[in-house]
Amino acid sequence: MLFSSPLFLYLFLPLTLLLFYFSDAKLKNGVLLFASLVFFAWGGVAYSIILVLSILVNYLFGYLVSRKKGSRAYLGLGVGINLGVLVVFKYADFIVANLNSLFENFQIKPIDQPNILLPIGISFFTFQAISYLIDVYRKEVVYQKNLVNLALYISLFPQLIAGPIVRYHDIASQLVKRDFSLEKFGEGVQRFIIGLSKKVLLANNFAIVADEILDSDFADLTTPVAWIGIVAYAFQIYFDFSGYSDMAIGLGKMFGFTILENFNFPYISKSIKEFWRRWHISLSTWFRDYLYIPLGGSRVSNSRTYFNLLIVFLLTGFWHGASWSFMFWGAFHGLFLVLERLGLDKLLRKTWQPVQHMYAMLVVLIGWVFFRVESIDEAFFYLKRMFVNNALLENNWLSYFDTKFTIVLFIGIISSTSFFPWIGSLYSKYLVQNRTINLASNTVYFLILNALLILSTFYLVAGSYNPFIYFRF
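What you see is a predicted model; the values in this text were computed from it and never measured.

Draft legend 1. Structural detail: the pattern of salt bridges. For the structure shown, the criterion picks out twelve salt bridges. For the salt bridge of Glu 261 with Arg 191, the shortest nitrogen-to-oxygen distance reads 2.6 Å. A residue pair is termed long-range when its members are at least 10 positions apart, and Glu 261 in the loop between helix H9 (223-254) and helix H10 (272-278) and Arg 191 in helix H8 (residues 182-214) qualify at 70 residues. Overlapping salt bridges, with partners in common, bring together Arg 167, Asp 170, Arg 288 and Asp 289 in one network.

Draft legend 2. Spotlight on the environment of Asn 264. When you line up the elements, Asn 264 lands in the loop between H9 and H10. Since its relative accessible area comes to 36%, Asn 264 is described here as partly exposed. With residues near it in sequence (within four places) discarded, Asn 264 still touches Arg 278 and Ile 281.

Draft legend 3. Local environment of helix H1 (residues 6-21). Between the first and last C-alpha of H1 there are 22 Å, a value that for 16 residues agrees with the 22 Å anticipated at 1.5 Å per step. Every buried residue belonging to H1 is among Phe 8, Leu 9, Phe 12, Leu 13, Thr 16, Leu 17 and Phe 20, and all of these are buried.

Draft legend 4. Focus on the side chain of Ser 271. Assignment of secondary structure puts Ser 271 in the loop between H9 and H10. Polar contacts involving the side chain of Ser 271 include one to the main-chain amide nitrogen of Glu 274, which spans 3.0 Å. Every residue in contact with Ser 271, bar those within four places of it in the chain, is listed here: Glu 340, Asp 345, Tyr 359 and Ala 360.

Draft legend 5. Quick look at the packing of helix H14 (residues 353-372) against helix H15 (residues 376-387). At a minimum axis separation of 8 Å, H14 and H15 run at an interaxial angle of 140°. The pairing of H14 with H15 is recorded here as oblique in orientation. Together, Leu 362, Ile 366, Val 369 and Phe 370 of H14 and Ile 376, Ala 379, Phe 380, Tyr 382, Leu 383, Met 386 and Phe 387 of H15 make up the contact between the two elements. Of the residues in the contact of H14 with H15, the class split is eleven nonpolar, no polar and no charged.

Draft legend 6. Molecular detail of the environment of Val 31. For Val 31, the location among the structural elements is in helix H2 (residues 28-41). For the pair Val 31 and Leu 19, spaced twelve residues apart in the sequence, the C-alpha separation amounts to 7.1 Å. Excluding residues within four positions of it along the chain, Val 31 makes contact with Leu 19, Phe 20 and Ser 23.

Draft legend 7. Representation of the packing of helix H3 (residues 45-66) against helix H4 (residues 71-105). Packing of H3 against H4 brings their axes to within 9 Å, and their N-to-C directions diverge by 170°. On the basis of the axis angle, H3 is roughly antiparallel to H4. Between H3 and H4, the residues in contact are Tyr 47, Ile 50, Ser 54, Val 57, Asn 58, Phe 61, Leu 64 and Val 65 and Ser 71, Tyr 74, Leu 75, Leu 77, Gly 78, Ile 81, Asn 82, Val 85 and Phe 89, respectively. The class makeup of the residues in the contact of H3 with H4 is twelve nonpolar, five polar and no charged.

Draft legend 8. Molecular detail of the packing of aromatic side chains. One pass over the structure, following the stated rule, counts 65 aromatic pairs. Aromatic pair Phe 124 and Trp 319: ring centres 5.3 Å apart, planes at 90°, arrangement edge-to-face. Taken as a pair, Phe 124 in helix H5 (residues 122-137) and Trp 319 in helix H12 (residues 302-320) lie far apart in primary sequence, 195 residues in all. According to the relative accessible area criterion, Phe 124 is buried, its value standing at 1%. With a centroid separation of 5.1 Å and 65° between ring planes, the pair formed by Phe 332 and Phe 336 is classed as edge-to-face. Of this pair, Phe 332 and Phe 336 are both found in helix H13 (residues 324-349), four residues apart, which corresponds to roughly one turn of the helix.

Conventions used here
Residues numbered from 1 in each chain as written. Predicted model: local features only at pLDDT ≥ 70, side-chain atom pairs only at ≥ 80, totals over all residues. Heavy atoms only, no water. Salt bridge = Lys/Arg side-chain N within 4 Å of Asp/Glu carboxyl O. Helix = DSSP H or I, 4+ residues; strand = E, 2+ residues; numbered from the N terminus. Buried < 20%, exposed > 50% of the residue type's maximum accessible area, 1.4 Å probe, protein only. Contact = heavy atoms within 4.5 Å. Expected span 1.5 Å × (residues − 1). Polar contact = N/O pair within 3.5 Å; in protein donor to acceptor, adjacent residues only side chain to side chain. Axes fitted to C-alpha atoms, helices over the stretch in contact; angles between N-to-C directions. Parallel < 35°, antiparallel > 145°, perpendicular 65-115°, else oblique. Nonpolar A, V, L, I, M, F, W, Y, C, P; charged D, E, K, R; others polar. Phe/Tyr/Trp six-rings, centres within 6.5 Å; stacked < 30°, edge-to-face > 60°.

Encoded structure:
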């Protein structure tokens, strides 16, 4: 079940909200847990067993890790079990396929391909479970005695299938007590509608162009069309991913939770270091706190720091999917982070800011080629089409700029900057004191939100293109 589906919007969510708010305070977490398990089971009842077992195993190991005796060993075993499940369900086919390629060179009988289906959200709830065990081990939190509360943390449906990755110490107190108010609920509804609009009205329309170009025969691409394809994909993945994060944060507010931000206008970055402070914040901080710093972070020698960065980003890429291209994408970003530490960052700061921004976006766009194209060889061929003039003067690229795509592109460019927050800050600073203007602006904003919801619903009911890009994650 997707957030961007009529079933979720007009049946599952309203019914869940009704049951939640009309239930006794002591039962609210139980109601939300039940709804979360139903939500996950909608994609396959069999895979719900994996989620339930993950909850039970981590509940047991949370208790064992909290004990003084053997806590380190129990932590290692608990983390190992979580990673083992992730490896089996997400990476087994990849590992077997590569082993068979190796065996072929030595004429060894190949292993049967397991063909294991990937449970949606397994990367997210596994990392959350690991964060729980580590936080308990570090004494940042006490282990969760209430099984329902721990189960809700691991399976909370707003962020179950597409993040953000919620770390246990950030939400532990909210599992026990959180505030409910009409104002907070209203903020959640607004945030959800904005996220839904990003996904349905922007990301899905960018996906139409991106998929048409990036799924075509690259040999036929002209240089302008190749650039249009990767720019469209860059906007698609940003508005899709940030849209889902907005919806998750909004849903969290509706149920009383405060979920941390996951995106902060990454496409205004002037370096790759800044990009990763703004892109998928929950993942980058997870790897920073649970891998990079334990490896020594930047407190060790320069060479070891560079090694740590490359390892972290190699694994960041691999976390996204079982593919060499994902690993290459991660290593590619890690390499530029190392180069910036070696002095490129200082050199960039001496240049004109638009040059810094062009550098960051060029690196990001090249990286998206490897992220999107499954074969590394094909990705390099696509890059050749981008940078080696191929029928540059042909005007076939103009056909992509119909009225709809032009409007979506314009809105996408504006929305990926801090333009709208800037307008909001100006309003708050100068106009909010005027009651007449305040009432008029609130009315206009209310009408815009309703129009966005109606338009998004229309697109979904009409069966418009609505891809779910997280199947590989």
